[in-house]
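Take a look at the letters that make up each chain.
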Amino acid sequence: MIKASGINMINYTVNDAVTQLDSVRKALEKAEQYGLGWFVNDDVLNTKIDITKGNQINEGAANLTTSELAARLGKYSYYDSFLGIFVKDEPSYKGGDTFQDYRLLDYYLDTAAQLNSYTNTVGFINLVGQSANTVNNYVPGSDSKKLTDNYDKYWKQFTDKANAQVFSLDDYPINAEPIPVAGACGYFRSLGKMRQESLDKNTPFWSFVQAGGDFGNDTQTSNTSVPTEGETYWNVNTALAFGAKGIEWFPVIQPREFDGVTDPSVENSVDRNGVILSDGTASTFSKWVQKANAQIAAVDDVLMKATSTAIVASGGYAKTQAAGTVNGDNNVQTITTTNVEEAHGKLTKVESSDTEYGALVGCFDYRDTEAFYIVNYDTTENESETITLTFDDDYRVRVVQNAQNSCIATADQKLTFTIPSGEGVLVVLENDADQQCYYESVTDTDGNIVYKCSVHVHAVTEEDGSITYQNNGEGVKCGDMNDDGSVDVRDLVHMKKAEKKLATFRVNGIGDINDDGIINIDDIADLRYYLVHSKRRMNSR
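Residues numbered from 1 in each chain as written. Predicted model: local features only at pLDDT ≥ 70, side-chain atom pairs only at ≥ 80, totals over all residues. Heavy atoms only, no water.

A. A look at the overall build of the protein. Broken down by element type, the protein carries 10 helices and 24 strands. Here the protein holds 541 residues, and 54% of them are scored as buried. For the protein, the proportion of contacts with a sequence separation of at least 24, taken over those separated by at least 6, is 69%. Total accessible area on the protein stands at roughly 22600 Å², and carbon and sulfur atoms take up 46% of it. (Helix = DSSP H or I, 4+ residues; strand = E, 2+ residues; numbered from the N terminus. Buried < 20%, exposed > 50% of the residue type's maximum accessible area, 1.4 Å probe, protein only. Contact = heavy atoms within 4.5 Å. Areas by Shrake-Rupley, 256 points an atom, 1.4 Å probe, with all protein chains shown as cover.)

See below:
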C-alpha cells in the first residue's frame, strides 16, 4: 500500500536497532524489495538525554571512533534501502518561550555531524517550524521580533554544526479554520526561511505535509483540523513552488494514539489522519496522496534539477501570506521572510480569475531556460481558477498538469490554464519557439508515463560484454536500470550487480548517471546520491 500510494521513503519508525534488530533488518529487506529508502532508528547512535534533568547522558555516534561507527552501521547498512539514521525530531532552541530544554538542538548536532561525514550515511534531523515556537507566536502582545531572532539563531546553530545533507522542518498550516488563516503565514515564514537557507548552503530541503489532522487520542476535534482535498494539494504544491525537493507525509501509517478509538480492543479507526489507517485499511487521504504523488513524479525530472529564483504571486491572500507577512496591532512586528514579486525573468505578468485568493508561482532556472510552477491558491472545494501567464515573447512550452505532459505554444505571449483547488501546473519554456519540445509523453499499458525525447540514449550490453549506446528516439529516465518507469533503490541494486559483472544492463536502462561516457562505480555513487536527495514522496513518522 505504501508503494502504491507513490511514497518512496520512510524516515522514522519506532523499531529500534538495539532491541529489535531482526525487525529492522526485515523492514530494510522489504523496503529494498519495493524500492523504498529507509532511515533506521538506532539508540546506540542517537544522543541520549535525561529528561528529568535535561542533561546529555550519551553522545551517540559522536562518541564513537570511525571503526566503531563502521561496526555498528555494518549490522544493517548493507541493505541498499538503507539511507541513514534518524537522529531527532523537532529539537528546540534555548531562548524560545516554551521550548523544552531536554530537546535542545545542541545535544544532537555532534551526532548528526559524525553520521553525515560517514560514507553514504545521512544523519537526519527534522527542525521545528517557526510558528511552533510558542502558543502565542505572532499574535497581538507577543514579542515576534525576539522569536524571529531566536529562529535565525536556531538555524545558524544547525547549519554551522550538523554538516546536513538535507534540510527538513514541519510547520502545519491547516488548523481549526480553513485556508486562508494566520497559520498559513507562519507556514510560509518557515518555508521561506528554509528556502533561503537551502539556496545559501546549496542543500536540498524537504517539507512536511499534513495527511490528515486531529493528532491526538481524543475522539473530539483537536485544534488541528482535518484537511480537505484542496487543502492537501495546496500544502504540497506551495512547497514545490518554493523549491522543496521532498514532500514528507505525516503520518503515513496512523498510530493507535491518533485513531480516535479509546477502546484498544476495537479493531477499527477514525478516518481522520494517515495514508493507511491503524486497522490496515486505506484512508480517505490515500487517494489524494496518490494523486499528488503522481503529479510530483511527473515533474521530478525538472524540479529536481531546477534552482528556485523567485516567488511571484497575484491576488490578495497569495501575495501577503506567501511573503510571511503578519498584520496585527502596533505591538506586533511585521515579519516578511520572502520577497514576493509580481513578475520575474521572462514571466511579465500573472492574472487570476479570483483576485481574493489569487495564484502563486514558483520561478526556476532549469538547464538553459526558465520553468514555472503555478498554484491555484484557493482551496475551496470545486473552485477551479483561470490563471493567465504573460511572457516577454512567444515560446513553445512543456506543460505538466494532472500528471500528464503536453507540448503547446503561447498565443500572443500568453498561456491560460484552468486549475482546480490547490493544484499545480509546471511550465517549462523552450529556448527557441521553432524547436521541438524536449519531451513528449505517452501512457503505456500499465498506466505509466513514458517519455520520448531525441537526446536520451540507451545503454546496451553487447555479447562480448561491452556497452554501447543507442538512440532510437524512445528515451527513458536516466538511472532506470530495470526499465520499470521509475528510478529507485532497485535500480541501484541492479547497477551494483552490473558493475560487478553479476548482471547485464537491460536494453532500455541508462546507467551513465554523470554523463562521462562510461558506466562505473562513480555512477553508482551518483545514483545513490540522487536517491538520498530526491525523495519527494518521503513519508514521516
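Here the narrative resumes.
B. Spatial organisation of the pairing of strand 8 (residues 205–210). Counting buried positions along strand 8 gives six out of six residues, so the element sits mostly inside the fold. On strand 8, burial covers both faces: Phe205, Ser207 and Val209 on one face and Trp206, Phe208 and Gln210 on the other are all buried. When strand 7 (residues 167–170) meets strand 8, the two strands line up parallel, connected through three bridges. Its bridge partner lying in strand 8, Leu169 is registered against Ser207. In this structure, strand 8 lies alongside strand 9 (residues 246–250), joined through five bridges in parallel fashion. In the sheet register, Phe208 faces strand 9, and the bridge partner there is Glu248. (Pairing = 2+ DSSP bridges.)

C. Looking closely at the packing of aromatic side chains. In the structure shown here, the tally under the stated rule is 26 aromatic pairs. Between Tyr172 and Phe215, the aromatic rings sit 6.2 Å apart at their centres with planes inclined by 55°, giving tilted as the arrangement. Here the residue Tyr172 occupies a position in the loop between strand 7 and helix 5 (182–201), and Phe215 occupies one in the loop between strand 8 and helix 6 (229–241), the gap between them amounting to 43 residues. Given a relative accessible area of 23%, Tyr172 falls into the partly exposed group. Pairwise contacts between aromatic rings join Tyr12, Phe39, Phe86, Phe124 and Trp206 into one cluster. (Phe/Tyr/Trp six-rings, centres within 6.5 Å; stacked < 30°, edge-to-face > 60°.)

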